[in-house]
Structures are given as C-alpha cells and as structure tokens.
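Here are the chains, one letter per residue:
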Amino acid sequence: MRAFLVRPECILCLSSALSVMAQLADNFSLRINQVHLTPSHLKHRTEGLKVKGSNFTLDGFPFLIVAGTIHYFRVPREYWRDRLLKLKAGGFNTVTTHVPWNLHEPMKGQFYFAKNLDLKVFIFTASEVGLWVILCPGPYVGGDLDLGGLPSWLLRDPRMKLRTTYKGFTKAVNLYFDQLIPRIASLQYHKGGPIIAVQIENEYGSYYKDKKYMKYIKKALVERKIEVLLMTADDGQEVTKGHLKNVLATLHMKNIYKETYRKLFSFQGLSPVLMTVYTASSFDTWGLIRRTLDLHMLLKDVREMFTLRFSLNFYMFHGGTNFGFMGGAMSSKNYVSVVTSYDYGALLTEDGDYTPEYLTFQEYFSSVLVVPTHLQPERKPKAVYNTVIPSHYLSLWDILPYLEEPIQSVKPICMEELPVNQGSGQSTGYTLYATSITTGGILTSRGNVQDRAQVFLDEKYVGVLDHSTDHLTLPFKNKDAKGCPLWLVCLEQSYRNYWTLSILVENQGRIAYGQNINKERKGLTGNIYLNNSPLRGFKIFSLEMKANFIQRGLPNLWKPLPNQVSGPAFFLGFLRVDHTPRDTFIKLKGWKKGVIFINGQNLGRYWEIGPQETFYLPGPWLHPGKNEIIVFEEMKAGPDIQFTNISHLALAEAERAVWIADCHNGTNPKHSDHQETRLLFACPNSHPCSDGSRRAECHLCCTTLFQTPSQTFP
C-alpha cells in the first residue's frame with residue numbers, strides 16, 4: 001500500500017458522508033447480530049455476498065464486513081492458525097489477503113504453491129476458524145512488495161508495459177492465472193468455500209495507462225470461473241478511473257473528500273461503502289524515523305464508520321515480516337526501501353503479540369457486534385538465547401573462483417537481463433561487476449547504479465555510489481597520493497599497469513507503485529564512466545543469495561575468525577537450542593549492513609541506520625540442537641550476535657524514548673536478564689516491560705499494561 005505520511009483530522013470526511021448516507025435506509029439493529037453468518041453455520045447456501053440497496057447481504061441476511069488483512073507469505077505457516085484465531089477473537093469476520101505473483105512464479109514457468117506459499121491451506125484454515133475470505137489475486141497487488149508483487153523477469157522484455165493489455169504482459173498473466181485460479185475457484189462461497197469476494201487488480205485508478213486493462217482482468221477471472229462478488233479498490237481521488245461497470249467500487253483511505261462519496265454513489269447508486277484499506281500507520285523505510293499510529297483517531301474513525309454502517313478492512317491487522325528480499329521501495333521525492341519488519345502499526349505486533357489497540361478494538365467490537373465467543377489464543381513466550389560469537393568467515397573475494405562461471409560482457413548488464421535462472425534473469429540480491437582500469441580519476445554513475453554500489457580497487461574499499469552519490473575519486477597517480485590510504489600509495493609504487501575495479505551492486509527493492517515501475521531494472525543499468533569515458537570489458541557475478549546458494553553454494557573454505565575482518569564477507573556461528581525452539585529477536589550491535597541467514601533461510605536485511613534495531617526470528621525456523629547462522633556483512637562485522645525477547649523497532653522522533661530502565665528483577669522468577677527497555681506502557685506490577693513495540697501485556701507477568709505519561713530524554 002502507498003504510504004500515508006499525513007493523517008489530518010478529516011482524512012475520511014466521514015461527516016460529509018452523513019448527508020448522503022442519511023438517505024439510505026438500513027435494516028440493522030443498534031447491535032448487529034451475525035453469529036449465524038459463519039462458514040460452519042451456512043451449510044445450505046443459496047446466494048453469496050450481494051449488494052442489496054445500501055447493504056451487503058450474505059445468503060439473504062444483512063451483513064457488515066469487518067475484515068483484517070493478513071499476508072500468508074509474511075507469516076510462518078506454523079502460525080497461520082494462531083494469527084487467524086486472533087483475528088476472529090478480536091471481533092472480525094473476514095480475512096483479506098493478497099497473492100504475490102513474484103513469489104508464486106519466481107522463474108518464468110516455474111510455479112510454487114507449497115510450504116509457506118500454500119494458499120489453499122491458508123484459505124482452508126481461515127474457514128476452519130470461522131472467517132470469510134476476500135482474495136486479491138492481482139496480478140498486481142502492491143502491498144509494498146518488490147515491484148508490487150509482479151515478477152522481475154517481465155522486465156527482460158525491453159518494450160514491456162506492465163499493467164496494460166500489452167501482449168507480452170497479458171500472455172504472462174494468462175499463464176499465471178491458468179495456474180492460480182483453478183486452485184482457488186473451488187474455494188468460492190457457492191462451492192462451500194469461504195471466499196466471498198475477489199478484488200480486481202489494486203488501485204488501478206492511480207496508474208490508468210490502459211482503459212481496456214481492467215476489463216481484460218475481469219474477463220480473465222470470469223472466464224476461469226470466478227463467480228463471487230467482484231470489486232475494485234482505489235483512493236478517493238481515483239475511484240472514478242479505477243471502477244468498472246457492474247463491479248463494486250471500494251475505497252482506500254487516501255484523498256477522500258466531500259465529493260468522493262457523491263461521486264461513488266453517482267456511478268453505482270446508493271450502495272454499501274467498503275473501506276478496503278483502513279489504516280492509521282504505514283510501513284517503515286531505512287534511514288527514516290518510524291511512523292506510528294494514533295489510537296484515539298483510529299477509534300474515532302471506526303466508531304463513525306460503524307454509525308454509518310460502513311464495512312471496513314484493517315490494513316494491516318497483522319503485518320508480519322518481509323522475509324528475504326520480498327520488501328519493495330517507494331520513490332516520491334527520494335528513493336527509500338522498506339525495512340525487514342512489516343509491523344505496520346498493526347493490531348498484532350510483527351511476532352503476533354496483542355497490542356493495546358487490539359484490546360481496545362476487541363472491546364469496542366463486542367459492544368456493537370454480537371459475535372461468537374472464541375477462546376483467545378495465549379501469548380507465545382519469547383526466548384533470550386545465549387549470545388553467539390562467530391567462529392569462522394569467508395571473504396567474498398575468496399569464494400568467487402568457486403561460483404558459476406562469470407558472465408563476460410563488453411558493457412554492464414542489468415540484473416534482469418543476466419543469462420541466469422533458466423532465462424529468467426536475476427531478481428534480487430547483489431551483482432558484482434569487475435573490470436580492469438589503467439588510471440585513476442573520477443568514477444561517475446550518471447544514475448545507472450540501482451540501488452547501492454560499493455566500489456573496490458584490488459579488493460580494497462573506496463566508497464559508495466547510490467541514488468544520492470553519483471561520483472567517486474579513484475586516486476592512483478603520485479600527485480593524488482598525498483593523504484591517501486597507504487594501500488593506494490602502494491598501488492602507485494608497484495610496477496603493475498592495471499588494477500581491478502570491482503563494483504558490488506545491491507538491489508534494495510523495486511518500487512511497489514507509481515508510474516515508473518516499467519523502469520525498475522536493477523544492478524548497473526547503463527554505462528559507468530571513468531574520466532567521462534565508459535568502462536568496458538566486465539566480468540559479472542550473480543549473487544542472488546537464494547537458499548540453495550547458502551546451503552550448498554558456499555565452498556567449504558571457512559577460515560578461523562581473526563580479531564578484525566572487513567567485508568564483504570560471510571560470518572559463521574552456531575546457536576544451540578536445548579529445548580523446543582521459541583521465537584526470539586536478533587540484535588546485531590556493532591554490525592553495519594547486510595543479510596541474515598538462519599539454517600539456510602534468508603531472514604532479511606539489516607542496516608545500522610535504522611529505524612529497525614532487532615530482527616524477528618520465528619521459532620519454527622530453529623530446531624533443537626545446533627542451528628547455523630550465517631551473516632553476510634558488507635562492511636564491518638560486530639563482535640557477536642545477540643538475542644532478546646523484546647522487539648525494538650525504534651520510536652518516532654516525536655515519541656523519543658519515554659523511559660529507559662535497567663531491569664534487575666529479582667522478584668520475578670521468569671526473568672533475571674539485564675536489559676535496556678524503553679517504556680510506552682506500564683505494568684501494574686511495576687515491571688519495565690514494553691519498549692515501543694506496542695505490546696498489550698507485560699512480557700514478565702502477562703498483565704495488561706496501562707499507558708503512562710510521556711517523559712522525554714534530553
């Protein structure tokens with residue numbers, strides 16, 4: 001979803017909707033009873049979700065959609081049921097989820113619907129816990145994913161026009177839908193499944209490059225036997241552009257003005273309003289302060305929406321984690337990439353714990369809805385494992401001879417066009433470009449570094465080229481040597497007449513939305529210049545860092561770790577777990593920037609610039625006994641790998657730590673560790689137990705927290 005950077009008081013203009021909605025007669029009582037409208041109760045179904053005047057109906061009964069978004073691919077499969085049960089226990093009746101094409105078809109023609117991508121199992125589980133499903137199959141889903149969930153191999157076509165009826169795009173969509181839609185068609189409402197609605201594309205009104213495109217997507221779904229209610233979703237400003245005839249238009253909570261509601265009813269009559277994306281927060285990006293929610297504003301809006309009988313969907317109810325390299329980026333003024341955590345200020349924390357907001361809304365929903373009583377899942381205790389000290393390392397330069405043969409090219413080649421992955425190109429990770437130079441001078445990128453490049457001369461670090469820095473000085477000659485590092489002076493004094501220039505480029509995530517997604521190629525996307533002359537003769541190494549690369553691709557050349565090693569390098573350590581593994585958080589104090597791998601799985605990126613300071617490690621990723629941790633560090637390794645039971649995503653600047661306390665709690669047998677804790681909420685038993693992660697309970701005694709007055713540090 002696009003970032004919501006400002007939240008004015010009248011963001012939904014709900015008061016302006018009153019005059020329009022007053023004309024609508026509704027059949028709801030003051031307290032809405034929908035106990036009988038669950039998948040298990042509706043065995044003999046006649047008709048699914050319908051629009052009847054100003055109401056939704058389900059099997060003929062008035063129905064208010066109270067939904068929350070959970071992305072199955074951002075949550076460990078072992079926790080799907082837990083998160084869905086918490087959604088149900090909170091008073092919700094529907095789960096919304098998006099289907100990321102790039103994860104299900106990472107290489108052209110190779111489809112994956114198993115393990116953490118088993119969409120059918122997720123939908124079955126939702127039904128079992130009593131939830132309906134609104135499915136968003138795309139092909140573009142947004143969701144702050146790399147390229148909005150579109151596969152990067154589409155960009156191998158130099159004429160590609162994403163999200164249009166361009167033949168190259170529709171051919172790929174048809175093949176994908178041929179695999180996806182038959183898997184979900186049997187799970188629709190009229191066939192006994194929980195899917196009550198399907199969203200066509202996502203926010204197309206803000207893109208709108210082809211007026212035939214949305215009709216094509218609708219036809220593609222209908223021809224493959226999608227028969228439930230279809231809907232579009234757009235912000236208030238673009239709702240007219242994005243809608244289709246005879247398809248329900250729904251709203252995202254951006255650019256909503258007085259005229260939005262009149263416009264909405266003008267082209268689809270007096271219909272129910274579904275706020276498909278309602279959120280009080282947004283995703284976080286590297287290097288920027290954290291965005292936080294306003295609980296009072298959130299509750300005020302929801303109360304007004306219920307008064308008006310709006311249906312709504314919380315985006316996100318539970319955000320989860322951008323495991324691996326799935327996170328995207330945004331580029332309004334400057335390029336910024338999404339952090340590994342997708343906490344999103346959701347009603348559950350990244351690791352699935354309850355927040356004060358969850359409890360507040362659970363209480364409110366119980367006052368306005370008659371819902372089945374469900375046992376609320378207990379909080380999962382977190383572990384604080386022993387610190388791991390890396391024992392061995394592998395320099396990136398040492399492993400290059402053992403990788404697949406490098407690609408030889410006169411000019412740089414972008415990631416997507418590299419001849420790897422059976423013709424699908426490289427999607428994520430890093431690419432190393434190496435060439436020879438015979439002189440120093442000014443190295444210039446001219447915007448062709450996407451996104452961040454470390455520059456090395458004979459394996460020695462020189463500097464960084466990125467979106468904000470487009471040139472570096474390579475000082476080789478004697479006149480440049482004064483004040484330069486000793487290794488540069490030594491290079492000049494040697495008898496060699498060339499040096500190896502290596503450029504390690506990281507793809508930090510393709511933008512997830514906007515008019516420029518067709519241009520989102522990564523790596524070196526054009527020439528690199530030395531003294532205004534384009535460099536030629538490259539060896540190109542693809543370093544996608546997939547699971548099989550970490551598990552089997554790294555050569556067994558590990559060296560004992562000396563006191564200090566500079567990156568880029570892989571660092572190896574082992575975590576011993578003596579009991580059933582529990583969730584924990586990794587803290588990399590002193591490390592600079594890189595990627596974490598646990599037992600071969602890519603946990604995600606870390607970066608010292610923040611705001612994210614700890615990294616969620618799900619218990620199911622661990623096993624009893626020895627667990628392998630590999631950290632790819634780009635610059636300088638820290639002394640150790642620490643573990644904590646507290647998420648530390650850092651606070652917004654306006655909510656700087658209100659209280660720091662050292663916890664030496666000798667009275668609580670559950671806890672004796674020393675830890676630094678930032679408090680936003682206080683425990684009635686005086687335990688310092690929340691650090692800004694918005695938890696609803698004390699992690700020591702599980703007592704409900706109460707909010708404390710802010711105390712700001714100097």
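Counting from 1, residues in each chain are numbered in the order their sequence is written. The predicted origin of the model limits local features to residues at a pLDDT of at least 70 and limits the giving and counting of side-chain atom pairs to 80 or more, whereas totals for whole chains, interfaces and linings rest on all residues. Calculation of side-chain values draws on the structure's entire complement of heavy atoms; hydrogens and water are dropped beforehand.

(A) Representation of the confidence of the model for the protein. Confidence of the prediction at every residue is given by pLDDT, a number between 0 and 100. Averaged over the protein, the pLDDT score is 86; the fraction of residues at 70 or greater is 83%. Note on contacts: a residue pair is in contact if any heavy atoms of the two residues lie within 4.5 Å. Counting interchain partners and residues more than four positions distant, the pLDDT-below-50 stretch residues 699-704 has 25 contacts.

(B) Molecular detail of the nonpolar core. In terms of nonpolar packing, the biggest core is built from 145 residues, with L162, M275, V302, F306, F314, F365 and I586 touching the most fellow members. Among residues more than four places away in sequence, those in contact with F306 are L64, V66, L312, Y364, F365, V368 and L369. Only buried residues count toward a nonpolar core, which is a set of Ala, Val, Leu, Ile, Met, Phe, Trp, Tyr and Cys residues joined through side-chain atoms within 4.5 Å. Classification of residues uses two cut-offs on accessible area relative to the type maximum, computed with a 1.4 Å probe and protein chains only: under 20% is buried, over 50% is exposed, and between them is partly exposed. Ranked by size, the runner-up nonpolar core spans 24 residues in total, among them I407, L465, I503 and V505.

(C) Fine view of the pairing of strand β22 (residues 460-465). Note that strand β21 (residues 452-457) and β22 share 5 bridges and pair antiparallel. Following the sheet pairing, F456 is matched in β22 by Y461. A loop of 2 residues connects β21 with β22, the two strands running antiparallel in sequence, and D458 in this loop sits at a positive phi of about 45 degrees. Two strands make a pair as long as DSSP finds a minimum of two bridges between them. Only runs of H or I of at least four residues qualify as helices and only runs of E of at least two qualify as strands under DSSP, and these elements are numbered from the N terminus.

(D) Spatial organisation of the environment of I540. Here I540 is to be found in strand β28 (residues 538-543). For the pair I540 and P406, spaced 134 residues apart in the sequence, the C-alpha separation amounts to 5.2 Å. With near-sequence residues (within four places) excluded, I540 lies in contact with P406, I407, S409, K411, I413, L418, T431, L432 and Y433.

(E) Representation of the packing of helix α2 (residues 80-89) against helix α4 (residues 119-128). Axes, fitted as lines to C-alpha atoms, cover a helix only where it is in contact. Angles between the N-to-C directions of the axes lie from 0 to 180 degrees. One can describe the packing of α2 onto α4 by two numbers: an axis separation of 9 Å at closest approach and a directional angle of 40 degrees. Taken as axis vectors, α2 and α4 run oblique relative to one another. As α2 runs across α4, the sense of the crossing is right-handed. Between α2 and α4, the residues in contact are W80, R81 and L84 and V121, F122, T125, A126 and E128, respectively. Taken together, the residues of the contact of α2 with α4 sort by class into 5 nonpolar, 1 polar and 2 charged. Roughly parallel here means an angle under 35 degrees, roughly antiparallel means over 145, roughly perpendicular means 65 to 115, and every remaining angle is called oblique. Helix crossings get a hand from a simple test, with the near helix turned counterclockwise from the far one by less than a right angle marking a left-handed crossing and a clockwise turn marking a right-handed one. The classification used treats Ala, Val, Leu, Ile, Met, Phe, Trp, Tyr, Cys and Pro as nonpolar, Asp, Glu, Lys and Arg as charged, and all other residues, Gly among them, as polar.

(F) Fine view of α4. Among the residues making up α4, those that are buried are L119, F122, I123, T125, A126 and S127. Contacts made by the buried residues of α4 are with β5 (66-70), α2, β6 (94-98), β7 (132-136), α5 (167-185) and β8 (195-199). Looking one or two residues beyond α4, the residue adopting positive phi is G130, at roughly 95 degrees.

(G) The arrangement of the pairing of β28 in detail. Bridge analysis of strand β17 (residues 407-409) against β28 gives 3 bridges, and the strand direction is antiparallel. Of the residues in β28, the one forming a bridge with Q408 is K539. Pairing between strand β18 (residues 430-437) and β28: 5 bridges, direction antiparallel. Paired with Y430 across the strands is L543, a residue of β28.

(H) Representation of the sheet that holds strand β36 (residues 642-644). Here we have 3 strands laid out as an open sheet, ordered β34-β31-β36, and antiparallel in their pairing. Two strands in the sheet have a free side with no partner beyond their single neighbour: β34 (614-617) and β36. Strand-to-strand twist of the sheet, defined as the mean angle between neighbouring strand axes without regard to direction, takes the value 35 degrees. The pairing of strand β31 (residues 584-587) with β34 spans 4 bridges and is antiparallel.

(I) Expanded view of the sheet that holds β6. Taken in spatial order, the 8 strands line up as β5-β6-β7-β8-β9-β10-β11-β12 and close into a barrel, and their pairing is parallel. Between one strand axis and the next, the sheet turns through 30 degrees on average, direction left out of account. The sheet contact formed by strand β10 (residues 248-252) and strand β11 (residues 274-278) spans 2 bridges and is parallel. Considered in β11, the bridge of L251 is made with M275.

(J) Spatial organisation of the pattern of salt bridges. Salt bridge criterion: a side-chain nitrogen from Lys or Arg within 4 Å of a carboxyl oxygen from Asp or Glu. The tally for this structure, following the rule as stated, stands at 24 salt bridges. Note that R224 is salt-bridged to D178, the shortest N-O span being 2.9 Å. Separated by 46 residues along the polypeptide, R224 in the loop between α6 (213-223) and β9 (229-235) and D178 in helix α5 bring together distant segments of the chain. D178 sits in the partly exposed class, given a relative accessible area of 42%. For E520, the salt bridge identified is with K522, shortest N-O distance 3.3 Å. Salt bridges here are not isolated pairs; linked through shared partners, they connect R452, E506, K593, R605 and E634.

(K) Structural view of the environment of K380. You can see K380 is positioned in the loop between β15 (369-370) and β16 (392-395). A relative accessible area of 29% places K380 in the partly exposed class. When the C-alpha positions of K380 and D82 are compared, they lie 9.8 Å apart, and in sequence the two are 298 residues distant. Apart from residues no more than four positions distant in its own chain, K380 is found in contact with Y79, D82, R83 and D353.

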